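Spelled out from the first residue to the last, the chains are:
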Amino acid sequence: MTGGHDPADPHLTPALTPAWPERAAWGTAPSLRAWQTAAMKDYLERMPRDFLAVATPGAGKTTFALSVASELIGRRVVDRVVVVAPTEHLKLQWAEAAARAGIPIDPTYSAGKGKISSDFLGIAVTYAGVAVNPLALRIRTERFKTLVILDEVHHAGDALAWGEGVREAFEPAAKRLALTGTPFRSDVNPIPFVSYAPGTDGVPRSLADYTYGYAHALSDHVVRPVLFLAYSGEMSWRTRAGDEIAARLGEPLTKDMTNQALRTALDPAGSWIPTVLAAADKRLSEVRRHVPDAGGMVIASDQDSARAYAKSLRAITGEAPTVVLSDEKAASKKITEFTSSDKRWMVAVRMVSEGVDVPRLAVGVFATTISTPLFFAQAIGRFVRARSRGETASIFLPSVPVLLGHASEMELERDHVLGRRVIDETDIYAAENDLLAQAAAGEAASSELEGLPFEALGSEATFDHVLFEGDQYGSEEEMDFLGIPGLLEPSQMKELLQQRQADSAKAQKARRVATGEPDTVAQVSTHEQLAVLRRELNGLVAAWHHRTGQAHGITHAALRKEAGGPAAAIANADQLRARIDLVREWAVRKSG
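Engineer: So what's going on with the nonpolar core? Residues and values would help.
Structural biologist: Counting residues in hydrophobic clusters, the biggest one holds 120 residues, and the most contacted among them are F64, F228, W272 and F396. Sequence-distant contacts of F64, that is, excluding residues within four places in its chain, are made with W35, Q36, A39, M40, F51, A53, L177 and L179. In this structure, Y109, Y127, V148 and A178 belong to the second largest nonpolar core, which totals 24 residues.

Have a look at this one:
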């Protein structure tokens, strides 16, 4: 379905097919993907004024939107297009994609610019730009039959000024097409031109006209499956009150202690980050044996950390990574250069977490304290765009319950829930900044005395486990997973993970027998051994909870009942090992 061309009308240019082979999933070029065709069919049959399409990152929302635009221009339903994007870089990406579809768009437009060249059929602006002068855009929208494409439309609810600006500017539009690819955050700011209806709990939720989730896209080979490699380790830090604390990342801790342990792990001066970066680079080397141009990206919390991580990567690889900082004028140019190169690594601060299209990214390190479902989905979305069959994304992340939970729930579909209020900031990271401010305030309020600021004292990283399609796999040998081939079908990946886990368990048992390790409690139940076993068991139970939703206490009770051991007594080493083996058996059976 493509638009026509009237040679008598200089404003209508030939509408080329938007299913560009270099952007299409394996096996779909030159036609549209199945979900895009279905969504187009629904749209053209109903021709609604407002349409909300929710599609997982990497599924091809841009192609779908430009296909709609091409069709509407060809039918003379509209004669102008306005694209609203979250960032300046995304404006350029939209203009480049639209040009390939035969729809010339000016990404340099500003409200004070007035008329644009007759060579263009539309403009691209940011949400912040709309908020600055919505009246100028309203006048332009009224002058022409306009299609407005609202990319990542949840940002129109970030701040009242943004939402009001979008509503004022585009209320007269002939057609409005809203797109989003990630879970909406919970707030009280309704998104303009999106319909809401009460859910079963009475709280209003957004209503999408078409939804294409990650699970569906995965089965269609439109996106890559993701291998999550979780790393734990011993952390030590000094609190604001001056207390020195030591804990293991990933163990059941209070929320405050978990946050402090995570900040300690991500401290560039510790050992955790360099160890994980080195492991990620090994994984990237293995992937590049099969996918020579595969690249990696580290997502950092702030600019100082990003520069420090880049320094570590240079020491590890001998190659200076590309560093992208959000306030740099050259950021877009750097991303473009990295996209077309074969450089190994890019380090970025938040800017690259949403919308930026670098299809060759295959290995990621999630090294940020931001852990909202929205941000996590946006970040992982940078790695899942499929180019050919068998490619798998590998994401390294701290073994923190909230992040492991997000990783286990990637296939869930979410809506915008009108719940919590977000502060009114003209910043696309308003919700994340709000959460960080709350965390900092809570930490300060919990100190009765003005002590020292939080100080990371030391950290070390140890491989914890792997998550793949919601299933957990463990092994004593880290390289069992770092050395997995770069091209495997999901079924082959699952079979290989199961085999390596089984081989590791057999090897561990054989070592016990060969070394004559005694079974008597008195000889094996040292404090250190028991602590290690309890940590391993607690980690497996936590993973089982993320996978099944079963409460930790219920799981422990079931293990005690099935594996043996008195409920009231402290478990000995043999009983702990039996429970560890049992919960691993559960995981294998569920995987099968």
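Engineer: Explain the sheet that holds strand 6 (residues 175-180) residue by residue, including any values.
Structural biologist: An order of 3-4-2-5-6-1-9 is seen for the seven strands of this open sheet, with the pairing classed as parallel. Each edge of the open sheet carries a strand with a single partner, namely strand 3 (105-106) and strand 9 (210-212). The strands touched by helix 1 (residues 34-46) within the sheet are strand 1 (50-55), strand 6 and strand 9, with strand 1 carrying the most contacts at an inclination of about 170°. Taken strand by strand, helix 2 (residues 61-74) contacts strand 1, strand 2 (80-85), strand 5 (146-150) and strand 6, and its axis lies near 170° from that of strand 6.

Engineer: Quick one: what's the story with helix 2, residue by residue and with numbers?
Structural biologist: Over its 14 residues, helix 2 runs 20 Å from end to end, which matches the ideal 20 Å to within 8%, given 1.5 Å per residue. Counting buried positions along helix 2 gives 13 out of 14 residues, so the element sits mostly inside the fold.

Engineer: Any details on the packing of aromatic side chains? Residues and values, ideally.
Structural biologist: Counted by the stated rule, this structure contains twelve aromatic pairs. A centroid spacing of 6.1 Å and a plane angle of 25° characterise the contact between W35 and Y210, whose relative ring orientation is stacked. Of this pair, W35 sits in helix 1 while Y210 sits in strand 9; the two residues are 175 residues apart in sequence, bridging distant segments of the chain. Under the relative-accessibility criterion, W35 is labelled buried at 2%. A relative accessible area of 18% means that Y210 is categorised as buried. Following the ring pairs from residue to residue traces out a cluster consisting of W35, Y43, F51, F64, Y210 and Y212. Here the basic side chain of R80 rests over the ring of F144, its NZ or CZ set 4.3 Å away from the ring centre.

Engineer: Residues and numbers for the confidence of the model for the protein, please.
Structural biologist: Taken as a whole, the protein shows an average pLDDT of 79; of its residues, 78% reach a score of 70 or greater. Predicted confidence for residues 420-452 stays below pLDDT 50, and this span has 70 contacts to residues more than four positions away or in other chains. A low-confidence stretch, residues 519-525 (pLDDT under 50), is modelled with nine contacts involving residues beyond four sequence positions or located in other chains.

Procedures and definitions
- Residues numbered from 1 in each chain as written.
- Predicted model: local features only at pLDDT ≥ 70, side-chain atom pairs only at ≥ 80, totals over all residues.
- Heavy atoms only, no water.
- Core = buried A, V, L, I, M, F, W, Y, C linked by side-chain atoms within 4.5 Å.
- Buried < 20%, exposed > 50% of the residue type's maximum accessible area, 1.4 Å probe, protein only.
- Contact = heavy atoms within 4.5 Å.
- Pairing = 2+ DSSP bridges.
- Helix = DSSP H or I, 4+ residues; strand = E, 2+ residues; numbered from the N terminus.
- Axes fitted to C-alpha atoms, helices over the stretch in contact; angles between N-to-C directions.
- Expected span 1.5 Å × (residues − 1).
- Phe/Tyr/Trp six-rings, centres within 6.5 Å; stacked < 30°, edge-to-face > 60°.
- Lys NZ or Arg CZ within 6 Å of the ring centre and 35° of its normal.
- pLDDT = per-residue confidence, 0-100.

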